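What follows is each chain in one-letter form.
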Amino acid sequence: MKITAEFVTSAAAAKDFPHDALPELAVVGRSNVGKSSLINALVRQRVARTSAEPGKTRLANIFRVRRGTGPPFYLIDLPGFGYARGGSDGFDELVQMVFARDVASLLLVDTRHPGLENDLAAWRWVSQAACGAALVGTKIDKLPRGQRIRALKELESVFQNSVLPVSAVTGEGLDELWKLIDRLANSPNPPPRNSPPRAMAPPPRKSQGPRKR
Ligand SMILES: Nc1nc2c(ncn2[C@@H]2O[C@H](COP(=O)(O)OP(=O)(O)OP(=O)(O)O)[C@@H](O)[C@H]2O)c(=O)[nH]1
Ligand SMILES: [Mg+2]
């Protein structure tokens, strides 16, 4: 199926977002968990910048994506949390600004590290703040086959939710992820929020250096 993806903008504030009311899907997770790599694997192009060094993505990078004849939507690559390198902090404001919009969200967690406290805190926040959210387990290729089922069971047990295992390297799980995305981003009537994100505890903080894409 043909997939088109184009970089739209790097947003630092709500005014930088597109105004055409297409559905938005925000990709959230710890630094280095594989958010940008997964976006590239999904759209089969290197639209998002990736790095072995955590902290590569610094702004909300917005991509306009369309798969086959499906409706277009915006995929938002967010900076990772849990990475401190000094400097002034803008992460909470950026994430809260994104979640104050009607976004659906994928929270990415590393399948090799189930139940990290900042992942659990992020899931509590994201699952409340987003209009539809799901958990995705990244880097499944790094786990030997014999350990995968146990790791997934552990993840699903700590999050009390299903977790979709994927690999940006081998492409495992990407078809299932597209189905999930279709449900989340293109649902005609997103469920109402339980409460506004501003009223909730902020997500885990992250220090930010100078702005860069
Ligand atoms: N083996 C393997 N490596 C991966 C996978 N996904 C990402 N990586 C590697 O993990 C590192 C971090 O990937 P990124 O996609 O830049 O991570 P990120 O979550 O966008 O990081 P920040 O932008 O810093 O928040 C890179 O070295 C990637 O090559 C995967 O599915 N399998
Ligand atoms: Mg990134």
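The structure we're discussing is the one just above.
Note that the structure is a prediction, hence the values are computed from the model and not measured.

A. Quick look at the pattern of salt bridges. For the structure shown, the criterion picks out 7 salt bridges. Of the charged contacts in the structure, one is a salt bridge between glutamate 172 and arginine 148, with a shortest N-O distance of 2.9 Å. Of this pair, glutamate 172 sits in the loop between β7 (163–165) and α5 (174–185) while arginine 148 is found in helix α4 (residues 145–159), placing the two residues 24 residues apart along the sequence. Judged by its relative accessible area of 25%, glutamate 172 is partly exposed. For arginine 148, a relative accessible area of 12% corresponds to the buried category.

B. How the structure looks around the sheet that holds strand β1 (residues 3–11). Spatially, the 7 strands line up as an open sheet ordered β1-β3-β4-β2-β5-β6-β7, and their pairing is mixed. Strands with a single pairing partner mark the edges of an open sheet, and in this sheet they are β1 and β7. Within this sheet the neighbouring strands show an average axis-to-axis angle of 25°, counted without direction. In the sheet, strand β2 (residues 24–29) pairs with strand β4 (residues 73–77) via 4 bridges, with the strands oriented parallel.

C. Fine view of the site of ligand 1. Among the 22 residues in the neighbourhood of ligand 1, the closest are listed as Lys35, Ser37, Gly55, Thr57 and Asp141. At 2.7 Å from an oxygen atom of ligand 1 is found a side-chain nitrogen or oxygen belonging to lysine 35. Here aspartate 141 contributes a side-chain N or O atom positioned 2.7 Å from a nitrogen atom of ligand 1. For ligand 1, whose unbound accessible area comes to 650 Å², protein coverage reaches 87%. Judged by its atoms lying within 2 Å of the grid points, ligand 1 is housed in the largest pocket. When the residues that make up the shell around ligand 1 are grouped by side-chain class, the tally is 5 nonpolar, 11 polar and 6 charged.

Rules behind the numbers
Residues numbered from 1 in each chain as written. Chains lettered and ligands numbered in written order. Predicted model: local features only at pLDDT ≥ 70, side-chain atom pairs only at ≥ 80, totals over all residues. Heavy atoms only, no water. Salt bridge = Lys/Arg side-chain N within 4 Å of Asp/Glu carboxyl O. Helix = DSSP H or I, 4+ residues; strand = E, 2+ residues; numbered from the N terminus. Buried < 20%, exposed > 50% of the residue type's maximum accessible area, 1.4 Å probe, protein only. Pairing = 2+ DSSP bridges. Axes fitted to C-alpha atoms, helices over the stretch in contact; angles between N-to-C directions. Near = heavy atom within 4 Å. Polar contact = N/O pair within 3.5 Å; in protein donor to acceptor, adjacent residues only side chain to side chain. Areas by Shrake-Rupley, 256 points an atom, 1.4 Å probe, with all protein chains shown as cover. 1 Å grid on protein atoms, 1.4 Å probe; cavity = no way out; pocket = protein on both sides within 12 Å on 5 of 7 lines; lining within 4 Å. Sits in = over half its atoms within 2 Å of the grid points. Nonpolar A, V, L, I, M, F, W, Y, C, P; charged D, E, K, R; others polar.

Nothing here speaks to function; it is geometry throughout.
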